[in-house]
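This is what each chain is made of:
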Amino acid sequence: MPNPFRSEESAFRFVFLTIGYFAVVVVCWWIQKWLGLAVWVALTAGLGWWLFFRRAEREQPVRHSPAPHAPDEHRILVVANETLGGQELLTEVRGRAGDRQSQILVVCPALNSPIRHWASDEDQARAAAQARLDASLGAMRAAGLQVEGEIGDGDPIQAIEDAVRTFQPDELVISTHPEGRSHWLERGVVEKARERFAIPITHVVVDLSRS
């Protein structure tokens, strides 16, 4: 789920809206309990309706045209977290780049615990993601690849969407742990990405236990 608190302003707005929501319900309940119940049902239904259509809007396929670049330039977006250092991923990216002039962007979502996520405490998650990203970039550059990297949203789908809009890749590579050990596979990240993004997508399985 994308973090609704991307700034202090968003956090304060959420707090004030929550206070206002309960204040209206309590006041109406104090005036007349059936009035309070009716207001609670109406507000809750309205909020649910708004969230449903906002989610549907966010989940529409992201259609885009690659940004203008040289005819022989190929843009590859790589999204991974704990498997960034896997040899399978490096081999796949090198193979896809081939002899073409390739621009590669590696995005590492800053995975966080639910409590820290909702409290907007992402420092520890971002530091861990940055360490993995730096090691991966070093290995790819040592292999002769032209690559840049950035930390992405904790939600991998949101991280992909952000990168697709700004980097405008020709293809996407998603790296995960094997089935049974991958939270992303349990959440259907690869399938959701294929439904949502109109670019070729390659799924790479990295088994770090074999390293």
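Structure's up top.
As the structure is a prediction and not an experimental result, all values here were calculated from the model.

Asks: Which parts of the structure should I look at to understand the sheet that holds strand β2 (residues 101–109)?
Replies: Sheet strands associate in pairs through backbone hydrogen bonding, adopting either a parallel or an antiparallel arrangement. Strand order across the open sheet formed by 5 strands is β3-β2-β1-β4-β5, with parallel pairing between neighbours. Of all the strands in the sheet, just β3 (147–152) and β5 (201–205) have a single pairing partner and so form its edges. Adjacent strand axes in the sheet meet at a mean angle of 20°, parallel and antiparallel pairs treated alike. Bridge count between β2 and β3: 6 bridges; the pairing is parallel. Residue pairing for β3: Leu105 is matched across the bridge by Glu148. Packing of helix α3 (residues 87–97) onto the sheet brings it into contact with β1 (73–79), β2, β4 (171–176) and β5, and relative to β5 it is tilted by some 150°. Sitting on the sheet, helix α5 (residues 123–142) touches β2 and β3, and the angle it makes with β3 is about 165°.

Asks: Teacher, can you tell me more about the nonpolar core here?
Replies: One broad trend across soluble globular proteins is that nonpolar side chains are buried collectively. Of all hydrophobic cores here, the largest spans 23 residues; its most connected members are Val78, Leu89, Ile104 and Val106. Among the elements of the structure, β1, α3, β2, α5 and β3 are those that each provide at least two residues to this core. Considering each element in turn, this core owes the most residues, 5 residues, to α5. If near-sequence neighbours (up to four positions away) are discounted, Val78 is found in contact with Leu89, Val93, Ile104, Leu105, Val106, Val107 and Val173.

Asks: I keep staring at the pattern of salt bridges and nothing clicks. Help me out?
Replies: A pair can form between side chains of opposite charge whenever their charged atoms are brought close. Scanning all chains against the criterion turns up 9 salt bridges. Glu73 serves as the salt-bridge partner of Arg75, at 3.2 Å between the closest nitrogen and oxygen. Like Arg75, the residue Glu73 is buried in the burial classification. Its salt-bridge partner being Glu148, residue Arg141 comes within 3.5 Å of it at the nearest N-O pair. For Glu148, a relative accessible area of 51% puts it in the exposed group. Shared partners join several salt bridges into a network, and the residues in it are Glu92, Arg96, Arg100 and Glu171.

About the cut-offs
- By convention here, each chain's residues receive numbers from 1 onward along its written sequence.
- Given that the model is predicted, a residue must reach a pLDDT of at least 70 before its local features are reported, and side-chain atom pairs must reach 80 or more before they are shown or counted; all residues, however, enter totals for whole chains, interfaces and linings.
- Calculated side-chain values reflect all of the structure's heavy atoms, with hydrogen atoms and water omitted.
- Being paired, for any two strands, means DSSP has found at least two bridges between them.
- Runs of E in the DSSP output that reach at least two residues are strands. Runs of H or I that reach at least four are helices, and both are numbered from the N terminus.
- All axes here are fitted lines through C-alpha atoms, helices being fitted over the stretch that makes contact, and every angle between N-to-C directions spans 0 to 180 degrees.
- Only heavy atoms matter for contacts: two residues are in contact if any of them lie within 4.5 Å across the pair.
- Note on terminology: a nonpolar core comprises buried Ala, Val, Leu, Ile, Met, Phe, Trp, Tyr and Cys residues joined through side-chain atoms within 4.5 Å.
- Working definition: with a 1.4 Å probe on protein chains only, accessible area under 20% of the residue-type maximum means buried, over 50% means exposed, and in between means partly exposed.
- A pairing counts as a salt bridge when a side-chain nitrogen of Lys or Arg comes within 4 Å of a carboxyl oxygen of Asp or Glu.

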